[in-house]
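The chain contents come next:
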Amino acid sequence: MAGRNDTVVTEFFLTAFPEHPEWGLPLFLVFLSFYLLTLLGNTGMVILIRVDGRLHTPMYFFLGHLSFVDICYSSVTVPQMLAMLLERGAVLSYTRCAAQFFLFTFFASIDCYLLAIMAYDRYVAVCRPLLYVTVMTEKARWGLLAAAYAAGFSSAFVRTVTAFTLSFCGTNEIDFIFCDLPPLLKLTCGDSYTQEVVIIVFAIFVMPLCVLVILVSYVFIIVAIMRIRSAGGRAKTFSTCASHLTAVSLFFGTLIFMYLRGNSGQSSEEDRAVSVLYTVVTPMLNPFIYSLRNKEVKEAVVKALSRSKSRGRP
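Conventions adopted
Residues numbered from 1 in each chain as written. Predicted model: local features only at pLDDT ≥ 70, side-chain atom pairs only at ≥ 80, totals over all residues. Heavy atoms only, no water. UniProt positions renumbered as here; feature names shortened; annotations may be inferred. Helix = DSSP H or I, 4+ residues; strand = E, 2+ residues; numbered from the N terminus. Buried < 20%, exposed > 50% of the residue type's maximum accessible area, 1.4 Å probe, protein only. Contact = heavy atoms within 4.5 Å. Pairing = 2+ DSSP bridges. Disulfide = S-S within 2.5 Å. Axes fitted to C-alpha atoms, helices over the stretch in contact; angles between N-to-C directions. Parallel < 35°, antiparallel > 145°, perpendicular 65-115°, else oblique. Left-handed = near helix turned anticlockwise from the far one by under 90°. Nonpolar A, V, L, I, M, F, W, Y, C, P; charged D, E, K, R; others polar.

- Under an unreviewed UniProt entry, the name given to the protein chain is Olfactory receptor, and the source organism is Puma concolor.
- Per its UniProt entry, the protein chain bears the Function (unreviewed entry) comment "Putative odorant or sperm cell receptor."

Following this line, the structure appears as structure tokens:
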């Protein structure tokens, strides 16, 4: 499928783990189960938050939208990856590759912004508890959510237009599981300095900015927790942030490892393994992280299960 060096690329051939073709079926079954768990867990979280009145709070408002975005975020890449594993590759047109890159960047950016907003929500709840109700009003919540979607769209639009005004020539093989920026940049030819600078500048407004908001929020939260005299009070307050911190560490840890490390010494196999973590594993684990580490969610799950059992009795 690879073209000659002077051939302009009009379509892309994606390969998944070509060094190990025997992995195709086992990985297909594993990733399919992960994807079904992602759909089940995140859809369940959205429904649970909507039907249980105890979860109608700002924190769970944002968590419900995070679960919805995780469904979209995973669905942009995983179904195609499953097809690639069965067919040992997939051909994507230039337009389809650009559309996938835009949607992935769009939902990944919203995910970043929502995690930062949730950190700010925890900051207000812990450090300004008396002002929490007046600060995190319904109007403020919808405003923050709209801002996350608008910022995600702007970032994704500019990065996609900039990336796909680059010239791609030579081989059209992408040794990756979807159309992402690092493997696309390897196919560029000619002077791409200006486009790469624009891409990096807009990337700074997503990942590092969100990480900064999260770090500053948790510095103030930790200081506030340390001022609590009783050990039980400190543990109870910190437990409200533990699930969010776990989700943040998992999501941003893999993204930072993928996008903010140096180019030297990178291998395609290593890149694919990391990409599987943030496209397949993280969206699957989020609802379980918030369920297992959050008392209110666990109580809501138990209540929903007991209600369904009582309805099923004759």
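Things to note about the environment of glycine 64
Then, in step 1: Tracing the chain through its elements places glycine 64 in helix 2 (residues 58-87).
Then, in step 2: Owing to a relative accessible area of 11%, glycine 64 belongs among the buried residues under this scheme.
Then, in step 3: Spatially, the C-alpha atoms of glycine 64 and arginine 50 are 8.2 Å apart, while their sequence positions differ by 14 residues.
Then, in step 4: With sequence-adjacent residues up to four places away left out, glycine 64 is seen in contact with Val46 and Ile49.

With respect to the pairing of strand 2 (residues 90-93)
Then, in step 1: The two faces of strand 2 differ: Ala90 and Leu92 on one face are buried, but Val91 and Ser93 on the other face are not.
Then, in step 2: Direction of pairing for strand 1 (residues 11-14) relative to strand 2: antiparallel, over a ladder of four bridges. What sits directly across from leucine 14, in strand 2, is alanine 90.

Points about the state of the cysteines
Then, in step 1: If you walk through the whole model with that rule in mind, you get one disulfide.
Then, in step 2: Residue cysteine 97 pairs covalently with cysteine 179 via a disulfide, S to S 2.0 Å. The S-S bond linking cysteine 97 to cysteine 179 shows a torsion near -125°; that makes this disulfide left-handed. Of this pair, cysteine 97 sits in helix 3 (residues 94-127) while cysteine 179 sits in the loop between strand 3 (173-174) and helix 6 (181-185), and the two are 82 residues apart along the sequence.
Then, in step 3: For cysteine 97, a relative accessible area of 0% corresponds to the buried category.
Then, in step 4: Not part of a disulfide, cysteine 210 finds its nearest cysteine sulfur in cysteine 112, a span of 5.2 Å.
Then, in step 5: What makes cysteine 210 buried here is its relative accessible area of 2%.

Overview of the packing of helix 2 against helix 3
Then, in step 1: In the contact formed by helix 2 and helix 3, the axes pass within 9 Å of each other and the chain directions differ by 160°. Of the possible angle classes, the one that applies to helix 2 and helix 3 is roughly antiparallel. Between helix 2 and helix 3 the crossing geometry is left-handed.
Then, in step 2: Broken down by class, the residue content of the contact of helix 2 with helix 3 amounts to 18 nonpolar, four polar and five charged.

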